[in-house]
Structures are given as C-alpha cells and as structure tokens.
Amino acid sequence: MNGIDKIIETALAEDIHTGDITTLSVLPAPRRMRARLIAKEPLVLAGIAVAERVFAKLDPCVVFTPLFADGATLKAGDVIAQIEGDAASLLQGERVSLNLLQRMCGIATQTAAYVKEIEGTGARVVDTRKTTPGLRVLEKYAVRVGGGTNHRTGLYDGVLIKENHIAAAGGIKEAVRLARNYIPHTLKIEVETENMDEVGQALEAGADIIMLDNMSLDQLREAVQLIDKRALVEASGGVNLTTIKAIAQTGVDIISVGALTHSVKASDISMLMEER
C-alpha cells in the first residue's frame, strides 16, 4: 500500500492543510457517529480498500465495514459500507475517500460497458497512459476490476514506437533495430502505424505488436489479413461504445480505449452520517 498511501496522504494534506476549520468550530469535543456510503446510481465497485485506507490514515480507531467487494455490480440505493468513529475523522475523510472511490468506480463501470460490447469477439479492451497524473496505479487497477486489461504502465515497462520515435530514428526499420538491440529478450516491441505501407514495414522489421492508428474498418480488415497472425494487432483511435463492436469484428486482438480513464464520469456515491 506504500504507493497508495502516498496518494492518500497527498490528497488529505491538500484538503485539510492547516486544519478543517468548519469541523474544529462545530465539533469542539469528540463525538462518536456512524456513516454509510451509498450508491446513488448503478455502478461496478472498485476501490473499497482505498476508501477504507483514507479513514485509517486519519484515525486508526475508525471502524470501516465494507458490505460489497470490488467487482460487485451495485444498484442505486445499495449501501456500500458502514463506518463508525469520531465525527471529526469521518468528516475530514469524507471528500478524499469519495473522490477516489467515485473515480475508480466510474472507470470500472465504464470499462465493464466496453467489455460487454465485444463479448464473444476474441478481442480485449486495454487502457492507455491517458490517466490522471499521480493516480495511474488506482486507475489501472479500476480498469482490471471492470474486466479490462492494462497496456504498459509507463514508459519503463514496454516499448511502443510511435510516430515521433519513427521520425527521430529515421524510419520504422531503424527504430525497431535500435530498440531490439537495447532491450532484453523478455520485452516485446510495438509499432504504431497509420497506413498499409507502414504496416508492411513494421512486419518486415519484426515488430511483435502492430498498432493500427485511426484506420477505417476496411483498413483494419485489410491490415489483419496482411499481418496474418505474425504479430498481435491493436486498434486505436476513434473507439467509443458505438464503434467498438464493429472494430472488434474486424479481427484485431486488442482495442485500446483512452476514454476508460481520460474523460470518464465519476460514479455518484454519497456519505450520510447519523447518530449511533
């Protein structure tokens, strides 16, 4: 939890800073209360342990009881968790806990919708690096909870030769050659392509994965036939819930969807406090 603790500590420091003046003023003495986290709309739960950790970092005496596990499909009105502790701790942890939980549930819910659209096609939904700065570990976890697959985590754990790399290296063949000589044999090389000529170059260079960027359905089908299982095929660009099924039916192996994380709507969850 070290990386997650750092995220939580940063968020709490940002929110509370020198002190929660509202809570300090209206609650001059300790007061034990209960709270419930409630789903206000259908959602796929992700991040319940993160929500719990927020309160634990603030006050180890807070008792957080989850009523559902990550991956559960909830309906509006479902009580996600019950919390009991000092009212000040509950109030100070409320916003940070909800912010992280709502975003993670939104990502898991969105991912599940994309995964459902392509059931039976053999294609996989994967995420991208278009994540909220500082929250990537949480957002990529939420994608997995929703049934999606993670692409590379960052620039350090996978080779993806894109348009600007190709321009800087002097072409696809040279870029792949240089990458192959640099990386260990355990890593694969992916090349981004924008037309059939580049697909052919990537194949000839020995790319392990070929990304087809912003291609039409006809181009995707043509590229899949040309590649003929000699490399994994990834479709990227122009992917939404309306288009993804047709893209999957072209025969690609992977469909990357930036919308899973970069513009997702947070799920609607509230925290209601009450007397013990």
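Presented here is an overview of the structure given in this document. (Residues numbered from 1 in each chain as written. Predicted model: local features only at pLDDT ≥ 70, side-chain atom pairs only at ≥ 80, totals over all residues. Heavy atoms only, no water.)

What about the sheet that holds strand 9 (residues 209-213)?
Hydrogen bonds between backbone atoms are what pair the strands of a sheet, whose relative direction is either parallel or antiparallel.
1) Next: One open sheet holds the six strands; their spatial order is 6-11-10-9-8-7, and the pairing between them is parallel. Bordering the open sheet on either side are strand 6 (124-126) and strand 7 (159-161), each of which pairs with just one other strand. Between one strand axis and the next, the sheet turns through 25° on average, direction left out of account.
2) Next: Of the strand pairs in this sheet, strand 10 (residues 232-236) and strand 11 (residues 254-256) are connected by three bridges, and their pairing is parallel. (Pairing = 2+ DSSP bridges. Helix = DSSP H or I, 4+ residues; strand = E, 2+ residues; numbered from the N terminus. Axes fitted to C-alpha atoms, helices over the stretch in contact; angles between N-to-C directions.)

Let's talk about the sheet that holds strand 12 (residues 269-275)
1) Next: Spatial ordering of the open sheet is given by 3-5-1-12, a layout of four strands whose pairing is antiparallel. For this open sheet the edge positions go to strand 3 (63-66) and strand 12, each flanked by a neighbour on one side alone. Recorded for the sheet is a direction-independent mean angle of 20° between the axes of neighbouring strands.
2) Next: Bridge count for strand 3 against strand 5 (residues 79-86) is four bridges, and the pairing is antiparallel. What sits directly across from Thr65, in strand 5, is Gln82.
3) Next: Against the sheet, helix 3 (residues 48-58) engages strand 3, strand 5 and strand 12, with an angle of about 170° to strand 3. (Contact = heavy atoms within 4.5 Å.)

Concerning the pattern of salt bridges
When charged atoms on two side chains of opposite charge get close, those side chains can pair.
1) Next: For the structure shown, the criterion picks out 14 salt bridges.
2) Next: In this structure, Arg221 and Asp218 form a salt bridge, with 2.7 Å as the shortest nitrogen-oxygen distance. Of this pair, Arg221 and Asp218 both sit in helix 9 (residues 217-227), three residues apart, which is roughly one turn of the helix.
3) Next: A relative accessible area of 54% means that Asp218 is categorised as exposed.
4) Next: Connected via shared salt-bridge partners are Asp5, Glu9, Arg53 and Lys57. (Salt bridge = Lys/Arg side-chain N within 4 Å of Asp/Glu carboxyl O. Buried < 20%, exposed > 50% of the residue type's maximum accessible area, 1.4 Å probe, protein only.)

A few points about unusual backbone geometry
1) Next: One non-glycine residue, His17, lies in positive phi territory at about 50°.
2) Next: Positionally, His17 belongs in the loop between helix 1 (2-16) and helix 2 (21-26).
3) Next: Phi is positive for Asn214, which is not a glycine, with a value near 55°.
4) Next: In this fold, Asn214 is placed in the loop between strand 9 and helix 9.

Notes on the nonpolar core
1) Next: Counting 58 residues, the largest nonpolar core has Leu100, Ile161, Val191, Ile255 and Val257 as the members making the most contacts within it.
2) Next: The residues contacting Leu100, other than those within four sequence positions of it, are Ile7, Ile8, Val50, Val54, Leu135 and Leu138.
3) Next: By size, the runner-up hydrophobic cluster in this structure holds 24 residues, among which are Ala35, Ala39, Ile48 and Phe64. (Core = buried A, V, L, I, M, F, W, Y, C linked by side-chain atoms within 4.5 Å.)

Topic: the pairing of strand 9
1) Next: When you tally the buried positions in strand 9, you get five out of five residues, the bulk of the element.
2) Next: Burial of the side chains of strand 9 extends over both faces: Ile209, Met211 and Asp213 are buried on one face and Ile210 and Leu212 on the other.
3) Next: For strand 8 (residues 189-193) and strand 9, the ladder comprises four bridges, and the chain directions are parallel. Bridge assignment links Val191 to a residue of strand 9, and that residue is Ile210.
4) Next: Crossover strand 8 to strand 9 through helix 8 (residues 196-205) is right-handed.
5) Next: For strand 9 and strand 10, the ladder comprises five bridges, and the chain directions are parallel. In the sheet register, Ile210 faces strand 10, and the bridge partner there is Val233. (Right-handed = clockwise from strand over helix to strand, strands pointing away.)

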